Amino acid sequence: MEGAGPGDTGNGDGEPVVVCTMENKPIVTWAGDQNVFYAVFPILTQQLPREPMEWRRAYGRAPKMIHLESHFVQFKEELLPKEGNKALLTFPFLHIYWTDCCDTEVYKAATKDDITKWQNALRAHSTTDWLIVVVESEAKKKNKTNILPRTSIADKIRSDFCNKQSDRCMVLVDPLKDTSRSQESWSLFLAKLRTLLLTSFTRNLGHFEDEMRTLREKRTEPGWSFCDYFMVQEELAFVFEMLQQFEDALVQYDELDALFSQYVLNFGAGDGANWLSSFCQPVRSWDGLALRKPIDMEKRDLIQRRQANLLELRSYLFSRQCTLLLFLQRPWEVANRALELLHNCVQELKLLEVSVPPGALDCWVFLSCLEVLQRIEGCCERAQIEANVCHTVGLWSYATEKLQSLGSLCGLVCEKGPCSEDLQRTVDLLAGLGAERAETANTAHSPYKKLQEALSSEEAFEKHYLELCHATIEMYNSIGRSRSAKLVGKDLADFYMKKSCPQKAEPFLQSALSMYQSEGWELPLTHTRKQLAECQRQLGQTEPYLRTCSLLAADVNLSQEERQLFCQEILKFAAKNSGSTESLVCLPLGSFAQLTSLSFEPPNAVVHVGGSLTMELTLLSLMPEPLQLDHISGHFHYNLDRNSYRKTAEWLTRHKPASGTIFFQAEGPLGARGTSPTPELSEMHEKSPSEGGLVSAGVICRNVHVLLRPPDSQSSSSLDRQTSVTVKEGANTLKCHNVTLQPGLNHLTFHTQAQESGTYTLRQLVASIGEVQLKLPHIYPIVQYDVYTQDPQLKVEPQSECLLAGIPQSVKFTVTTGHYTIKTGDTLQLSNTESMPILLGAGTTAAIYRNSQGEASERSLSIQRSEKVTSICLPPTPPYHILEFELDVVCLLPEAGHLLNGELPRRGRDQPDALSSNTTEQRVTVDCPWSIYSTIISLSFQLPLRAQHTLLSSGTRKYIQVCVENTCEFQFQLSESSLSSTRDLKFRPLHRAGSQDLQSQQCLFFIWEVTWCPDLPPSLPCHFSVSFYPVPSPNPCGHLQPFTYLFHLEHFYTLYTVRAEISPPPDAQFCKTGALCSLEVCITRLCDSLENDKEETLTDCNGYSSAQLFYQVADGGSNWAVCGRSSGVVMMPVKEGACHTLHMEVMPLFAGFLPYPDVRLFRYLPHHSHSQQLDADSWIENDSVSVEDPCELGSGRAQSRGLISPGATGASVEHKGLPMPRLQPFHPGQISNGSLGRQILVVPSTDDHVLEVNVT
Amino acid sequence: MAVCVAVIAKENYPLYIRSTPTENQLKFHYTVHTSLDVVDEKISAMGKAVMDQRELYLGLLYPTEDYKVYGYVTNSKVKFVMVVDSSNTSLRDNEIRSMFRKLHNSYTDVMCNPFYNPGDPIQSRAFDNTVTSMMVPAC
């Protein structure tokens, strides 16, 4: 560029124009004074491109900043374009006339004429883009004095030539000097120059484009030629390129490309243009793309001469696009477009039905791919290329593919080597390449050389092919396109197989296979596996080969014949009888047959020692034909877990699910493996063996190990997992001999006899066919059966919810025989308890079950009873059976028992709990035949009834009331109640005779009037008895014992009567609230001193022996206010009829019928009767504290039993150091209160408006 | 129209694949499987870009000499791959797009079937008919 001097005008011929656009610049001519121009020229070329100019363009195209450069040539008239010449590259865009004339005379004499001539020449070609530059210099001006400053030469020129465009004349002042004036004029000049240049571009290009468009619109006309149009539009592209507007240039080529493609498509659709026929010539040369020259003039000429064929046009077009894209720094687009182009060309040739010799296209594509790749490599850095492999790898792969097809076409791949026909073909192909292009002749690895070398010999081909393949695979892997890499690898494996190098092919096939398997692509998987089988066969890898065969034989994607073929391969091997165990081949059973289900008999898979067990397998054979197995065996792992509670017989029989059949998930369709398995959840309930221990419940996920397996390991299917667990040949093996597996479902049954107790887990399934062993190394879900031993056991439990005493009820005896065999004559010896006799029913039978709830059988049972023991003769029972029978027992009511013993009833006062819980416990000792130890069985009975008695008095008459309470859930009928005593007491029943019903939780009362003889002992035992039986089912009534109740009567005579009388005030008729009334209490002794009343403390008083009585008036209901003293001590003579009257004042507090206040009597025991002396009065005054206590004592416990010591009170008082007299309550019945229950009417006081109603 | 239509699960195993019966089925299986490389690439590039995953159409995955392979990915990462004959130039991008949309609708119908277990091979006849309609020439 720098070398382009101003004198460089030697292209006057114009033909041919060297189109080398990068070196081209828009042409600007100069005319006028050569010296002036040469002086300015260096600065001009340097300054012009310095500042960018905005180029505004027509048709809405975006404005661009453009740096302008120019190629200055001397003006010649030939340069001006002739009419119709459309060449743009040689078009002068601007014409400049230079002059430094400063003398008017000189101007008029020479310069003006010269300019006029120049102008005329321009005008003749209707060129309007011109400029006149006047260079002024101070030096020149000084020499000339006759210069008129007002009318300079520039003004003259303006007036002479630029009649309306005064700006077409510029003045450049002192261009070579560095003054501010000079600089100013330079910048003005440059700006003008740029503007004019751009204006010229815009106008001329616009004009050109218009013409071009017009030409394009004519494309439907018959004579239109694409090639001509191509040249025109390319001219435009050249100009844009010249202006460094590569984007615009590329657009021109893209438009041409699209136009051509459209024509080809239209041709395919039957709309052929005439000019296309030239592109349909047969392809004779296939030398590939040439991208190293910016412009391939040879091809361009062919196009211009309308002689190019399709490949040539495409090649040229792409080379131009490539050049521009590389200028635009878009090498990756080149790669992408190249691939598209190559595919497209192949299609277009097909579409246009261009005849192409076989392999020629492959050559072309191969060369083109490499050319593009090398071109890109040539302009990019290594790191950049590596980062953009994704764009180029397609070309690599395409080249590999093409080379491969060329190889097989030319017989370079097959084992035998090329035949003569192949060689002829190779020669033809190489001929089509022509001679190598000059620009690559010196390059060592040009595509041309590569192809030529590759086709020259098998070795060279292999070298080049492998190189390409490995490069492609590596690139694919580096960008993570592993699938594509594997596919190329498979092609490579194919190649190796054809070259008889199976050992090299195998790893490629294996890796491809594992990928198709993990991603679940069946057809590719089958296909690859078939290839692998062939490879392994050639390699002689017996075991892998057979394994692959087995998978292929089971492959439904293959035809039946093919499957049988592979199956036969295995059988052939199996039939080979070498006899040594080393040649045994172990294959996964899973590829031959699938385990679908497994079931045990008994269904819960629990057997006792010695029991028989059956296991049924269902195998789905995948083979196309029946398979004769020598044997098939299941290997069990034995585990003894004695300590675990789970392994006890009860737990096993109870908790193991009885469904029995275990279903195995099929390995399933390949695809389904990608989905994660569903969690298998199940409930868990567990109870620790000790009663009342911990109970836990929860949810267990049974296949956690499957769910939590890391995802990558999941892809390796269990089929191919090569775990070599050695088969443990041992006792725990179930075997089946001579089994034929038919295609489809097969049922196999295994029998065994359980031996040792423990858990047996099925670990492996092994089948053998001659030399081949088929193994299923893992079985999931876990299959196991349990064998248990059990100690004999006796269990006794009531039939009903609870046992009631006094009623015969049946009790169930359960004998779990366990390992013990009950022989004839084995007996259960039950020790007899007196309180719980065993009732001997007639013909008791026992039921015998098998442990696992089999059907029962009935056997009779004989029971013998001696004085001490009841022996039950058990029927002979085999081990692990359950013997069940029932016995009726009755627990005698405890009262009856006590009575028989003559003991005091309620001895259990010290066992109040037993009373309150109302149960009685019976223990029976049983001697079992299997044990030297006795078993103690405890049964608890509930007492059904409870009784209480009450002594009631009326004056001297006495009554006894017995209350019977039903405490259990049953309903009873009571009858034959009776009360009897030992001696002279007579009872007259006042209640209804006959039977009565007693509901649950209810009471029934019986009452008797007592009459007696004198001189009774102090304590009289009484015996109450009543018959009862449960009402809904009174079946074994005969055995029922009456319910009895024993109590004692003591001190029941009446000693005193107390009568109280309240009388209203004398002036009133009724008592009134708030008014004092008098209370008169009369205490009368009814009998003389009694013999048996020795404990009564008597004092001598007035000649009579007297008893001291303590009285107290207390009103429990707060109805009365006692005024004055409410208690005191009176002396009562111990004499019949003795009477003592007390007067007190009471005040009613309420109106209505008020019950009388209570009058209570106690025996008063003065303190001197003890060791201490104390003043009686001081104690009496202290009544507020002391009186209450005896009252409480009396009321609380008087009726229960005889003498009451003041107990706690006395003790506490004595503790304080105050010795006190004691109060002793009377026995119930000794006092008869005549006014008990009496009421008196109290009227409200008169001025009381409120009526109070008090209901007590 | 299309010469091969495939539906591929998220885990890259085929849920459905059908090709014109006249041609080698195996070849299409290989082609579709290989195209998953580009699908993966495009999906990961999409993930890196904006979270706007509205655009399900992946465009041309890769061209071969004879076929063009187009891809489409649903929001649940189920992939649709369609192989079109390269000589069939009448098919524009928009038409491919609408074919995919049709396929997606039909696939959605399959998924709505309560008896269809997601992840199982598609055996729906309605879906099959949709695919058939795409595989016969439009004219």
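Please read these numbers as outputs of a predicted model, since none were measured by experiment. (Residues numbered from 1 in each chain as written. Chains lettered and ligands numbered in written order. Predicted model: local features only at pLDDT ≥ 70, side-chain atom pairs only at ≥ 80, totals over all residues. Heavy atoms only, no water.)

Draft legend 1. Molecular detail of the overall build of chain B. When its secondary structure is counted, chain B shows three helices and five strands. What you see in chain B, going N to C, is helices and strands ordered as β-β-α-β-β-β-α-α. Out of the 139 residues belonging to chain B, those deemed buried represent 50%. Long-range pairs, those at least 24 residues apart, make up 54% of the contacts in chain B with a sequence separation of at least 6. Carbon and sulfur atoms make up 54% of the accessible area of chain B, which totals about 6,700 Å². (Helix = DSSP H or I, 4+ residues; strand = E, 2+ residues; numbered from the N terminus. Buried < 20%, exposed > 50% of the residue type's maximum accessible area, 1.4 Å probe, protein only. Contact = heavy atoms within 4.5 Å. Areas by Shrake-Rupley, 256 points an atom, 1.4 Å probe, with all protein chains shown as cover.)

Draft legend 2. How the structure looks around the overall build of chain A. A count of helical and extended segments in chain A gives 30 helices and 53 strands. The proportion of buried residues among the 1256 residues of chain A is 46%. Considering only contacts in chain A between residues 6 or more positions apart, those separated by 24 or more positions represent 74%. As presented, chain A carries roughly 61,500 Å² of accessible surface, and 51% of it is formed by carbon and sulfur atoms.

Draft legend 3. Fine view of the sheet that holds strand E35 (residues 972–981) of chain A. All names here are of chain A. Taken in spatial order, the four strands of this open sheet run E37-E35-E39-E40, and their pairing is antiparallel. Since the sheet does not close on itself, it has two edges, and those belong to strand E37 (996–998) and strand E40 (1043–1050), each with one partner. For this sheet the average axis-to-axis angle between neighbouring strands, irrespective of direction, equals 35°. Both strand E39 (residues 1019–1030) and E40 contribute to a ladder of eight bridges, which runs antiparallel. Residue pairing in the sheet places His1023 in a bridge with Leu1046 of E40. (Pairing = 2+ DSSP bridges. Axes fitted to C-alpha atoms, helices over the stretch in contact; angles between N-to-C directions.)

Draft legend 4. Region of the structure containing the pattern of salt bridges. Residues and elements named next belong to chain A. Under the definition given, this model contains 44 salt bridges over all chains. In this structure, Arg330 and Glu247 form a salt bridge, with 3.3 Å as the shortest nitrogen-oxygen distance. In this pair, Arg330 sits in the loop between helix H9 (310–327) and helix H10 (331–351) while Glu247 sits in helix H7 (residues 246–268), placing the two residues 83 residues apart along the sequence. Between Glu386 and Arg382 there is a salt bridge; the shortest N-O distance is 3.6 Å. Note that Glu386 and Arg382 are positioned in helix H12 (residues 382–387) at a spacing of four residues, about one turn of the helix. Like Arg382, Glu386 is exposed. (Salt bridge = Lys/Arg side-chain N within 4 Å of Asp/Glu carboxyl O.)

Draft legend 5. Broad picture of the environment of Cys363(A). Residues and elements named next belong to chain A. On the secondary structure map, Cys363 appears in helix H11 (residues 360–379). Note on Cys363: relative accessible area 0%, which makes it buried. The spatial distance from the C-alpha of Cys363 to the C-alpha of Asp287 is 7.6 Å, given a sequence separation of 76 residues. Excluding residues within four positions of it along the chain, Cys363 makes contact with Trp286, Leu406, Leu429, Leu433 and Leu451.

Draft legend 6. Quick look at the interface of chain B and chain A. The partner chain A presents 29 residues to the 27 residues of chain B that form the contact. Counting the surface lost from both chain B and chain A, the interface buries some 2,500 Å², and carbon and sulfur atoms represent 58% of this. The largest per-residue losses of area from chain B upon contact with chain A belong to Tyr30(B), His33(B) and Glu65(B), which jointly make up 30% of the total buried on that side. On the surface where chain B and chain A come into contact, there are five salt bridges. The salt bridge partner of Arg483(A) is Asp37(B), with a shortest N-O separation of 3.2 Å. Sorting the residues of the side of chain B that touches chain A by element identifies strand E2 (14–19) and helix H1 (25–48) of chain B as the ones contributing at least two each. (Buried area = accessible area lost by both parts, 1.4 Å probe.)

Draft legend 7. The arrangement of unusual backbone geometry in detail. With a phi close to 60°, Gln329(A) is a non-glycine residue in the positive phi region. In this fold, Gln329(A) is placed in the loop between H9 and H10. The phi angle at Asn12(B) is positive, at roughly 75°, despite the residue not being glycine. Take Asn12(B): it is sitting in the loop between strand E1 (2–8) and E2. Given the relative accessible area of 9%, Asn12(B) is considered buried.

Draft legend 8. Spatial organisation of the packing of helix H6 (residues 226–242) of chain A against H7(A). Residues and elements named next belong to chain A. One can describe the packing of H6 onto H7 by two numbers: an axis separation of 7 Å at closest approach and a directional angle of 165°. Relative to H7, H6 is oriented roughly antiparallel. Our pair here, H6 against H7, has a crossing hand that is left-handed. Of H7, the residues touching H6 (which contributes Phe226, Tyr229, Phe230, Gln233, Glu234, Leu236, Ala237, Phe238, Phe240 and Glu241) are Phe246, Asp248, Ala249, Gln252, Tyr253, Glu255, Leu256, Leu259 and Phe260. (Parallel < 35°, antiparallel > 145°, perpendicular 65-115°, else oblique. Left-handed = near helix turned anticlockwise from the far one by under 90°.)

Draft legend 9. Local environment of the nonpolar core. Membership of the largest hydrophobic core comes to 170 residues, with the highest contact counts inside it found for Leu44(A), Trp98(A), Phe189(A) and Phe226(A). Those residues in contact with Leu44(A), other than ones at most four positions away along the chain, are Phe37(A), Phe72(A), Trp98(A), Trp186(A), Phe189(A), Leu190(A) and Leu193(A). (Core = buried A, V, L, I, M, F, W, Y, C linked by side-chain atoms within 4.5 Å.)

Draft legend 10. Focus on a nonpolar patch on the surface. Taken together, the side chains of Val704(A), Leu707(A) and Leu708(A) present a nonpolar region at the surface, about 250 Å² in accessible area. Locating Val704(A) in the fold gives a position in helix H23 (residues 704–707). (Patch = residues over 30% accessible without salt bridge, like charges linked within 9 Å, V, L, I, M, F, W, Y side chains within 5 Å.)

Draft legend 11. View of the side chain of Asp826(A). All names here are of chain A. Here Asp826 lies in the loop between strand E23 (809–816) and strand E24 (827–831). Although buried, Asp826 forms no salt bridge, and the nearest oppositely charged side chain, Lys823, lies 4.2 Å from it. One polar contact links Asp826 to Tyr820, side chain to side chain, over a distance of 2.9 Å. For Asp826, the side chain forms a polar contact with the main-chain nitrogen of Lys823, separated by 2.9 Å. With residues near it in sequence (within four places) discarded, Asp826 still touches Tyr820, Thr821, Ile872, Cys873, Leu874 and Pro929. (Lys, Arg positive; Asp, Glu negative; His and termini not counted. Polar contact = N/O pair within 3.5 Å; in protein donor to acceptor, adjacent residues only side chain to side chain.)

Draft legend 12. Looking closely at helix H1 (residues 34–47) of chain A. Residues and elements named next belong to chain A. Here H1 contains 14 residues, and its C-alpha end-to-end distance of 19 Å stays within 8% of the 20 Å for a straight helix at 1.5 Å per residue. The largest bend along H1 measures about 45° and falls at Phe41, with the proline Pro42 one to four residues further on. Within the span of H1, buried status applies to Val36, Phe37, Val40, Phe41 and Leu44. In this fold, the buried residues of H1 make contact with strand E1 (27–32), strand E4 (71–74), strand E5 (92–99), strand E6 (130–136), strand E7 (169–173) and helix H5 (180–217). (Expected span 1.5 Å × (residues − 1). Bend = angle between axes of the 7 residues up to and from the residue.)

Draft legend 13. Structural detail: the confidence of the model for chain A. Residues and elements named next belong to chain A. On average, residues of chain A score 77 in pLDDT, and 81% of them are at 70 or above. The model gives residues 712–724 a pLDDT under 50, and that stretch makes 22 contacts with residues more than four places away or in other chains. Counting contacts from residues 1169–1217, a segment whose pLDDT is below 50, to residues more than four positions away or on other chains yields 61 contacts. (pLDDT = per-residue confidence, 0-100.)

Draft legend 14. Geometry of the packing of aromatic side chains. Inspection of the entire model under this criterion finds 51 aromatic pairs over all chains. Between the aromatic rings of Phe226(A) and Trp275(A), the centroid separation amounts to 5.1 Å while the plane-to-plane angle is 20°, which identifies the pairing as stacked. With a gap of 49 residues between them, Phe226(A) in helix H6 and Trp275(A) in the loop between H7 and helix H8 (297–304) connect regions that are remote in the sequence. As far as burial versus exposure is concerned, Phe226(A) and Trp275(A) are alike and both buried. Linked through ring pairs, Trp224(A), Phe226(A), Tyr229(A), Phe230(A), Phe260(A), Tyr263(A), Trp275(A), Phe279(A) and Tyr316(A) together constitute an aromatic cluster. One cation-aromatic arrangement involves Arg168(A) over Trp130(A); the distance from NZ or CZ to the ring centre is 5.6 Å. The ring centre of Phe28(B) lies 5.6 Å from the NZ or CZ of Lys27(B), which sits over that ring. (Phe/Tyr/Trp six-rings, centres within 6.5 Å; stacked < 30°, edge-to-face > 60°. Lys NZ or Arg CZ within 6 Å of the ring centre and 35° of its normal.)

Draft legend 15. A look at the environment of Gln799(A). Residues and elements named next belong to chain A. Secondary-structure assignment places Gln799 in the loop between strand E21 (793–798) and strand E22 (803–804). Sequence spacing of Gln799 and Leu887 is 88 residues, and the spatial spacing of their C-alpha atoms is 10.0 Å. Discounting chain neighbours no more than four positions away, the residues touching Gln799 are Ser810, Lys812 and Glu886.

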